[in-house]
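The residues making up each chain are set out below.
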Amino acid sequence: MFRLLCLLTVLGCGCPLDSGMLFPRETSSREVKELNGLWKFRADMSPNRNQGFERAWYKARLEESGPVVDMPVPASYNDITQDSSLRDFIGWVWYEREVLVPARWVAGDGTRLVLRVGSAHYRSVVWVNGVKVTEHEGGHLPFEAEIGSVVRGDPTACRITIAVNNTLTLETLPPGMIQHMDDRTKYPEGFFVQNINFDFFNYAGLHRSVLLYTTPGAYIDDVTVVTDFLDSTGFVKYKVWVQGASTFSMKVDLVDKDGRSVATSSEQAGVLKVADVKLWWPYLMHESPGYLYSLEVRLLAASEDVYTLPVGIRTVNVSSSQFLINNRPFYFHGVNKHEDYDVRGKGFDWPLVVKDFNLLKWLGANSFRTSHYPYAEEILQMCDRHGIVVIDECPGVGIKDIRSFGNASLKHHLFVMDELVRRDKNHPSVVMWSVANEPASEMPPAGLYFKTLIEHTKALDPTRPVTYVTSSNYGRDKGAPYVDVVCVNSYFSWYHDSGHLDVIGIQLNTQFDNWYSLYRKPIIQSEYGADAVAGLHSDPPMMFTEEYQKEVLRSYHSAFDQKRKQYVVGELIWNFADFMTAQGVTRVVGNKKGVFTRQRQPKAAAFLLKERYWALANETGRLPPWTKYPCSQ
């Protein structure tokens, strides 16, 4: 009949995981307790980094087995102290927090008590009162465990111990390799380094909130929504998963921003029809971007459970030359980012998040890519509300060694995509999945690896296109035939033909023509840019000056303008802000390709980019009259 008919089987695909991963929200049936603040902390400095397990540090208070320091959560631990050995530490670190649990949470009335860790980089083991409750491999995504039975015996105390190990191997995501230096004429005994093939600092620790939350014994485990529209009627196809009850009743209510019910159902799965639908539009594409309904799900069993899910009604489609949101061509004019800032590293920080969104809107940016890992759920919620479009990228960065294309690596990569899609599937701001960044896709194993990975992701979510970001030569890329959109990174006149600005136009047009002639798919310039040290100037422009960064951008923009009316559908600057990297001779206290400094102050390129993005918005968007001129905000 129309696209909705093709979606009738979508919700049956699901993620092959044991349970849902709904974001914890307080409702009339659920309570949430943040465990952010100061935790006790110790790094295991033993030669094998395994003393904590050998001596069972989790069985008693951490301070009873040795010295501890205060460590804030959420935060990376690397830059918190003055200890240089901790900044570059590789191995197990231990966190501990004692929590008083409200008596009503463990009163034995069937209430579930769940411990949730938002992100722990990279491998984690969790104990409560000395009892192991869960373990998890992979940073950037949440994991949780039901702990009511452990706490119920002693409701006055809940001692949470979390061991976190940031070691990366050829089978982790991202991959890495430990190199032991055995030459005793050069290195002390036990000396080793963590080698990585990605250009950002390997920050570690508890990067996002740790929470306790409750649900009734019979509870809403997961909700999936798929949206569509025809003319002025919207469709919200939904399915609710329930745990803890075999018989129950349900009420589902879709509510608009004014609190009015626009559609209801008493079924566990169905389609809600919305008359005079208000679509979810990107920022600067419509005068009312980011419109969200609320899907209120009420489960009636032995007790009542209530969960509310924000819903944006919109569609995403891709043709051979266009990226379409709500059947209108969408042009990505945005940024790449990092979760990175002074002192806190990759730790979640609300003031920084709000500042970044203000800067994004000031720039006139309508989109960003979560380079090179999933960002905090709260950031995606902000994108939903503000209409910022997201390319959601998994941690598949730095896949350069042929051994990282093996079966074990692929199995883990598939599982990470399961976790990512399960977490982010309902966000209207997420319009595309990215399964990797700059892998060695010219290697023979890459073709089957990415074919399997992309087909798996499409099976998880047939409603969104899938890509990975390539820097390979167009004729040698083994995975590109399977993507829906070609995302290309290139740094002409920087890493290639350094200092020669006059080659950018020729090389960029050649790049676009070659990719499109081979694959006939829309192209996004997913990275481009140049380092600029804030305050460093030169005329004529020289590399690392603000003037050179501006000229690189101008040259790229001229080429974009030649192709964006054909098949180029986006441009994402590298990078939004300067960020920290490992120490090396090519980086002076981090990567300086940001148009903002690490402290979020603009370089000259930021003003150039702002003028361009507002001009693009005026040309391609649906703006109210008072914003129809460049640099209006």
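Residues numbered from 1 in each chain as written. Predicted model: local features only at pLDDT ≥ 70, side-chain atom pairs only at ≥ 80, totals over all residues. Heavy atoms only, no water.

Side note on the confidence of the model for the chain
Here the chain averages 93 in pLDDT, and 95% of its residues register 70 or above. Under a pLDDT of 50 for its full length, residues 1-10 has, in the predicted model, 21 contacts with residues more than four places off or in other chains. The low-confidence segment residues 628-633, where pLDDT is below 50, has 19 contacts with residues more than four positions distant or belonging to other chains. (pLDDT = per-residue confidence, 0-100. Contact = heavy atoms within 4.5 Å.)

Description of the packing of helix α10 (residues 504-519) against helix α11 (residues 546-563)
Put simply, α10 and α11 touch, their axes get as near as 9 Å, and they point 40° apart. Classified by the angle between their axes, α10 and α11 sit oblique to one another. Considering how the two elements wind past one another, α10 and α11 form a crossing that is right-handed. Where α10 abuts α11, its residues I504, L508, N509, F512 and D513 lie against V552, S555, Y556, A559, F560, Q562 and K563. Residue classes in the contact of α10 with α11 are distributed as 7 nonpolar, 3 polar and 2 charged. (Axes fitted to C-alpha atoms, helices over the stretch in contact; angles between N-to-C directions. Helix = DSSP H or I, 4+ residues; strand = E, 2+ residues; numbered from the N terminus. Parallel < 35°, antiparallel > 145°, perpendicular 65-115°, else oblique. Left-handed = near helix turned anticlockwise from the far one by under 90°. Nonpolar A, V, L, I, M, F, W, Y, C, P; charged D, E, K, R; others polar.)

Examining the domain arrangement of the chain
As assigned here, the chain comprises domain 1 (31-166 + 202-215), domain 2 (219-314) and domain 3 (317-620). Taking only C-alpha atoms, the centre of domain 2 and the centre of domain 3 are 31 Å apart. Opposite the 21 residues of domain 2 that make contact, domain 3 presents 29 residues. Buried area between domain 2 and domain 3, summed over both chains or domains, comes out near 2000 Å², and the portion from carbon and sulfur atoms is 61%. Our count for the contact surface shared by domain 2 and domain 3 stands at 1 salt bridge. A salt bridge links D222 to K425; the nearest nitrogen and oxygen atoms lie 2.7 Å apart. If you look at where domain 2 meets domain 3, you find 10 residue pairs in polar contact (both at pLDDT 80 or more). Elements with a contribution of two residues or more to the side of domain 2 that touches domain 3: β15 (219-230) and β21 (304-311). Counting residues per element, the side of domain 2 that touches domain 3 draws most heavily on β15, at 6 residues. Looking at side-chain class alone, the side of domain 2 that touches domain 3 contains 16 nonpolar, 3 polar and 2 charged residues. (Domains from an automatic or database assignment. Buried area = accessible area lost by both parts, 1.4 Å probe. Salt bridge = Lys/Arg side-chain N within 4 Å of Asp/Glu carboxyl O. Polar contact = N/O pair within 3.5 Å; in protein donor to acceptor, adjacent residues only side chain to side chain.)

A short note on the sheet that holds strand β22 (residues 316-318)
Pairing is antiparallel in the open sheet, where 3 strands are placed in the order β22-β23-β24. The open sheet terminates on both sides in strands that have one partner only, identified here as β22 and β24 (328-329). Across 3 bridges, β22 lies against strand β23 (residues 323-325) in antiparallel orientation. Following the sheet pairing, V316 is matched in β23 by I325. (Pairing = 2+ DSSP bridges.)

Focus on the sheet that holds strand β19 (residues 269-274)
Within the open sheet, the 3 strands sit side by side as β15-β16-β19. Their pairing is antiparallel. Edge positions in the sheet fall to β15 and β19, since each has one partner strand and no second. With direction set aside, neighbouring strand axes in the sheet form an average angle of 20°. By the bridge criterion, 6 bridges tie strand β16 (residues 233-243) to β19 in an arrangement that is antiparallel. Across the sheet, residue K239 finds its bridge partner in β19, namely A269.

Focus: the nonpolar core
In this structure, F368 and F450 are the most contacted members of the largest nonpolar core, which totals 89 residues. Broken down by element, the residue count for this core peaks at 8 residues, all from helix α12 (residues 604-620). Beyond its immediate sequence surroundings of up to four residues, F450 is in contact with F405, V435, A436, P439, Y468 and G479. Of all hydrophobic cores here, the second largest spans 46 residues; its members include V297, L299, F323 and M432. (Core = buried A, V, L, I, M, F, W, Y, C linked by side-chain atoms within 4.5 Å. Buried < 20%, exposed > 50% of the residue type's maximum accessible area, 1.4 Å probe, protein only.)

Regarding the environment of Q322
Along the chain, the position of Q322 falls in the loop between β22 and β23. When its relative accessible area of 33% is taken as the criterion, Q322 is described as partly exposed. For Q322 and K521, which are 199 residues apart along the polypeptide, the C-alpha to C-alpha distance reads 8.3 Å.

Points about a nonpolar patch on the surface
Nonpolar side chains collect at one region of the surface, where V533, L536 and F544 lie side by side and expose about 220 Å² of accessible area between them. If you trace the backbone, V533 turns up in the loop between β31 (523-527) and α11. (Patch = residues over 30% accessible without salt bridge, like charges linked within 9 Å, V, L, I, M, F, W, Y side chains within 5 Å. Areas by Shrake-Rupley, 256 points an atom, 1.4 Å probe, with all protein chains shown as cover.)

A closer look at the packing of aromatic side chains
Throughout the structure, instances matching the rule amount to 37 aromatic pairs. Look at W574 and F579: their rings are 5.7 Å apart centre to centre, the planes differ by 90°, and that puts the pair in the edge-to-face class. Pairwise contacts between aromatic rings join F53, W57, Y58, W92, W94 and W127 into one cluster. Here R564 stacks its cationic end above the ring of Y331, 6.0 Å away from the centre of that ring. (Phe/Tyr/Trp six-rings, centres within 6.5 Å; stacked < 30°, edge-to-face > 60°. Lys NZ or Arg CZ within 6 Å of the ring centre and 35° of its normal.)

Things to note about the pairing of β21
Where strand β20 (residues 293-300) and β21 come together, 8 bridges link them in antiparallel fashion. By the bridge assignment for β21, L299 is matched with D305. Taking the residues between adjacent antiparallel strands as the criterion, β20 and β21 are bridged by 3 residues.

As for the pairing of strand β9 (residues 143-146)
A one-sided burial pattern is seen for β9, the buried positions being F143 and A145 and the unburied ones E144 and E146. Where strand β5 (residues 112-117) and β9 come together, 4 bridges link them in antiparallel fashion. Counted as the bridge partner of V117 is F143 from β9.

Let's talk about the UniProt feature "domain: Glycoside hydrolase family 2 catalytic" (unreviewed entry) in the chain
UniProt records the feature "domain: Glycoside hydrolase family 2 catalytic" (unreviewed entry) at residues 316-617, using the numbering of this structure. Within residues 316-617, the helical portion is 35% and the strand portion 16%, while the C-alpha atoms at the span's ends are 19 Å from each other. (UniProt positions renumbered as here; feature names shortened; annotations may be inferred.)

Observations regarding the packing of helix α8 (residues 407-424) against helix α9 (residues 446-460)
Put simply, α8 and α9 touch, their axes get as near as 10 Å, and they point 25° apart. Compared by their axis directions, α8 and α9 come out roughly parallel. Regarding α8 and α9, the two cross each other, and that crossing is right-handed. Judged by residue contacts, S409, L410, H413, L414, M417, D418 and V421 of α8 engage Y449, T452, L453, H456, T457 and L460 from α9. Classifying every residue of the contact of α8 with α9 by side-chain character gives 7 nonpolar, 5 polar and 1 charged.

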